[in-house]
2 protein chains.
Amino acid sequence: MDVRVFATPDTLQKGALDGKAAIVIDALRMTSVAATAMEHGCAGLLAVAEVEEARAAARQYGALLGGERGALKIEGFDFSNTPQEYTRPRIAGRRLVMTTSNGTRAILAAAGARRVLLGAFVNASAAARAVDGEAGVGIVCAGTLGAFTLEDALAAGAIVERLCQKTRAVRLDDMALAAHRLYRGARGDLAAALAETEHYGRLTRLGLEADLVYCLREDILGAVPERQADGWFR
Amino acid sequence: MDVRVFATPDTLQKGALDGKAAIVIDALRMTSVAATAMEHGCAGLLAVAEVEEARAAARQYGALLGGERGALKIEGFDFSNTPQEYTRPRIAGRRLVMTTSNGTRAILAAAGARRVLLGAFVNASAAARAVDGEAGVGIVCAGTLGAFTLEDALAAGAIVERLCQKTRAVRLDDMALAAHRLYRGARGDLAAALAETEHYGRLTRLGLEADLVYCLREDILGAVPERQADGWFR
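Procedures and definitions
- Residues numbered from 1 in each chain as written.
- Chains lettered and ligands numbered in written order.
- Predicted model: local features only at pLDDT ≥ 70, side-chain atom pairs only at ≥ 80, totals over all residues.
- Heavy atoms only, no water.
- UniProt positions renumbered as here; feature names shortened; annotations may be inferred.
- Helix = DSSP H or I, 4+ residues; strand = E, 2+ residues; numbered from the N terminus.
- Rg over C-alpha atoms; globule rule 2.2 N^0.38 Å.
- Buried < 20%, exposed > 50% of the residue type's maximum accessible area, 1.4 Å probe, protein only.
- Contact = heavy atoms within 4.5 Å.
- Areas by Shrake-Rupley, 256 points an atom, 1.4 Å probe, with all protein chains shown as cover.
- Lys, Arg positive; Asp, Glu negative; His and termini not counted.
- Charge placed at Lys NZ, Arg CZ, Asp CG, Glu CD.
- Least-squares fit on C-alpha atoms with pLDDT ≥ 70 in both.
- Pairing = 2+ DSSP bridges.
- Buried area = accessible area lost by both parts, 1.4 Å probe.
- Salt bridge = Lys/Arg side-chain N within 4 Å of Asp/Glu carboxyl O.
- Polar contact = N/O pair within 3.5 Å; in protein donor to acceptor, adjacent residues only side chain to side chain.
- Nonpolar A, V, L, I, M, F, W, Y, C, P; charged D, E, K, R; others polar.
- Core = buried A, V, L, I, M, F, W, Y, C linked by side-chain atoms within 4.5 Å.
- Axes fitted to C-alpha atoms, helices over the stretch in contact; angles between N-to-C directions.
- Parallel < 35°, antiparallel > 145°, perpendicular 65-115°, else oblique.
- Phe/Tyr/Trp six-rings, centres within 6.5 Å; stacked < 30°, edge-to-face > 60°.
- Lys NZ or Arg CZ within 6 Å of the ring centre and 35° of its normal.

Naming follows an unreviewed UniProt entry, where chain A appears as Probable 2-phosphosulfolactate phosphatase of Candidatus Avichristensenella intestinipullorum. Under Cofactor (unreviewed entry), UniProt gives the following word-for-word description of chain A: "Mg(2+)". One UniProt comment on chain A, placed under Catalytic activity (unreviewed entry), says "(2R)-O-phospho-3-sulfolactate + H2O = (2R)-3-sulfolactate + phosphate".

Dropping the structure here:
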């Protein structure tokens, strides 16, 4: 298995994901939200770029609305980007349309892949299992506003770690090697490893510590949202 | 001092280097070559993108020609991209025009910076000293053909390490934190840390082990080529 990690969506060169399975990561918080919603019975998730586009899709499909701008809930939306809000009573059997600043953009950037899956710390082992047997896996880190973020690289490293545990025949590109080594150095205390980073600090200042604690728990979920033929993740 | 590291030239967002001092790194091998040539008395180095452009500039300035395509010497050039060739008898007092696959491209991508310097393992401490007192430093990793390479990230980390030693008031962005941690994990044996990487493997297969040994030696040079008002590095 060839595993490549892309530090940001901008580093995806044309055709880089052709024929491959892509795992998109926005660990703080969009892909953690998506895995949580799916684990709790969400009937389908659509990722769109713009707020108005999200509102229109939600009307069309009778879906709930989730996401953020500037890390905060969007006017009139049902959910913010806090995974703990997506409880079974609120999300089971319902469709969900999401738009966020970074995660949904990264998902759209990875659209050329044969498969698109959503990964995070919370479903790292399940995401690795979901791509078992693939010849080529591209892990796409969302970053923040186009910039590299350490949390997504660490989550990519968490998935690389699990891929390497399953088989010895894993070839890593340089960014995958880097992500793997960063994860191995950090996994004892992910929060400490991220304490100096900008995005983590911003979410802390916004009072979202509970989100951070949740999103940094590894392997608490089995759900791995995957894009279906109709463009919805299930 | 704010220190940002850019994993590849493509991750340089518009204006990211405005007003800053940029240190461009292509540790294997172009910026190691440049520091070596300067240490040995080179009268000035011009980095250009294309081979024909290099030939024309060399004719115009009576300069020597150095560089590579596909890691190999270019037809009719005086030097390849092997730093050990740039001895004092051959380079002292002479101008040098260079074109390489990655380093010269990264230098051109960083052109918007207020200052542009060339760094590598061989002159890491000198490069850190050269930007002492700057408010903002952007370290630009050349990578290989647009892709992230671990060796440039490690060399960036080596420079970050020296910047952090000089002052406690260094703020690192996420990529700078990552590069620093990767370097700290690797500095005991840089060759071992790079053994699995693609570019290092390619240069080894081409029989360029001596270049690798040279380029991974830290702080053997005091020269830090810096772009002057006329566009030449001295």
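A. Expanded view of the overall build of chain A. Across its full length, chain A carries ten helices and eight strands. The C-alpha radius of gyration of chain A comes to 16 Å, within 12% of the 17 Å expected for a compact globule of 234 residues. Each principal axis of the C-alpha atoms in chain A carries an extent, and together these give about 45 × 40 × 30 Å. With 234 residues in all, chain A has 61% of them scored as buried. The long-range fraction of contacts in chain A, counting pairs at least 24 apart against all pairs at least 6 apart in sequence, stands at 77%. With an accessible surface of roughly 8700 Å², chain A has 48% of that area assigned to carbon and sulfur atoms. Each charge sign in chain A was given a centre, from 28 positive and 28 negative side chains, and these centres are 4 Å apart.

B. Just the relation of the copies chain B and chain A, in detail. Superposing chain B onto chain A takes a rotation of 180 degrees combined with a translation of 0.0 Å along the rotation axis, leaving an RMSD of 0.0 Å. Put plainly, the chains are arranged around a two-fold axis. Here 100% of the interface residues in chain B have copies in chain A that are interface residues too; the copies meet face to matching face.

C. Examining the sheet that holds strand β6 (residues 115-119) of chain B more closely. Taking strand neighbours across the sheet as the criterion, the five strands line up as β6-β2-β7-β1-β8 (chain B) in an open arrangement whose pairing is parallel. Each edge of the open sheet carries a strand with a single partner, namely β6 and β8 (171-172) of chain B.

D. Just unusual backbone geometry, in detail. Residue and element names in this part refer to chain A. Residues L28 and R29 are joined by a peptide bond in cis, for which omega reads 15 degrees. One can find R29 in the loop between β2 (21-25) and α1 (30-39). The backbone of D219 shows a phi angle near 60 degrees, a positive value even though the residue is not glycine. If you trace the backbone, D219 turns up in the segment after α10 (209-215).

E. Molecular detail of the interface of chain B and chain A. Between chain B and chain A, the residue contacts involve 19 residues of the former and 19 residues of the latter. Across the chain B/chain A interface, buried area totals approximately 1800 Å², and carbon plus sulfur atoms make up 58% of it. Summed over the three residues of chain B that lose the most area to chain A, namely F148, D174 and R181 of chain B, the buried surface amounts to 31% of that side. Across the contact surface, chain B and chain A share two salt bridges. Its salt-bridge partner being E196 of chain B, residue R181 of chain A comes within 3.6 Å of it at the nearest N-O pair. For the interface between chain B and chain A, the tally reads six residue pairs in polar contact (both at pLDDT 80 or more). Elements with a minimum of two residues in the side of chain B that touches chain A: α6 (150-166) and α7 (174-186) of chain B. By residue number, the principal contributor to the side of chain B that touches chain A is α7 of chain B, which donates six residues. Classifying every residue of the side of chain B that touches chain A by side-chain character gives eight nonpolar, six polar and five charged.

F. Region of interest: the nonpolar core. Ranked by internal contacts, the top residues of the largest apolar core, which has 110 residues, are V3 and I139 of chain A together with I139 of chain B. Beyond its immediate chain neighbours, meaning those up to four positions away, I139 of chain B contacts V3, R4, V5, F6, I23, I25, A156, I159 and V160 of chain B.

G. Summary view of the environment of I139 of chain B. All names here are of chain B. Note on placement: I139 falls in strand β7 (residues 136-141). Since its relative accessible area comes to 0%, I139 is described here as buried. Placed 80 residues apart in sequence, I139 and D219 show a C-alpha to C-alpha distance of 17 Å.

H. How the structure looks around the packing of α6 of chain B against α7 of chain B. Residues and elements named next belong to chain B. Packing of α6 against α7 brings their axes to within 7 Å, and their N-to-C directions diverge by 95 degrees. In terms of orientation, α6 lies roughly perpendicular with respect to α7. Counting all contacts with α6, which are made through L150, A153, L154, A156, G157, A158, V160, E161, R162 and C164, the residues of α7 involved are A176, A179, H180, L182, Y183, R184 and A186. Looking at the contact of α6 with α7 residue by residue, the classes come out as twelve nonpolar, two polar and three charged.

I. Broad picture of the sheet that holds strand β8 (residues 171-172) of chain A. All names here are of chain A. Spatial strand order, β6-β2-β7-β1-β8: five strands in an open sheet with parallel pairing. One side of each edge strand has no neighbouring strand; the edge strands of this open sheet are β6 (115-119) and β8. Bridging between strand β1 (residues 2-6) and strand β7 (residues 136-141) involves five bridges; their strand directions are parallel. Across the sheet, the residue bridging to D2 is G136, located in β7.

J. Representation of the packing of aromatic side chains. One pass over the full model with this rule turns up four aromatic pairs over all chains. Pairing F79 of chain A with Y86 of chain A gives two aromatic rings, centres 4.2 Å apart and planes at 15 degrees, and the pair type is stacked. A single burial state applies to F79 of chain A and to Y86 of chain A, both of which are buried. Residues Y61 of chain B and W232 of chain B carry aromatic rings whose centres are separated by 5.0 Å and whose planes lie at 85 degrees to one another, so their mutual orientation is edge-to-face. Placement of the pair is Y61 of chain B in helix α2 (residues 51-61) and W232 of chain B in the segment after α10 (209-215), with a sequence separation of 171 residues. Given the relative accessible area of 3%, W232 of chain B is considered buried. Its end group placed over the ring of W232 of chain A, R95 of chain A keeps NZ or CZ at 4.4 Å from the ring centre.

K. Highlighting the pattern of salt bridges. Residues and elements named next belong to chain A. Following the criterion strictly, the structure yields 28 salt bridges over all chains and no others. Between R55 and E52 there is a salt bridge, with its nearest N and O atoms 2.5 Å apart. You can see R55 and its partner E52 sitting in helix α2 (residues 51-61), three residues apart, about one turn around the helix. Take R55: its relative accessible area is 22%, and that puts it in the partly exposed class. We note a salt bridge from E134 to R115, for which the minimum N-O separation is 2.7 Å. With a gap of 19 residues between them, E134 in the loop between α5 (124-130) and β7 and R115 in strand β6 connect regions that are remote in the sequence. Each member of the pair, E134 together with R115, is buried. Each of R114, R115, E134 and E226 takes part in one network of salt bridges that share partners.

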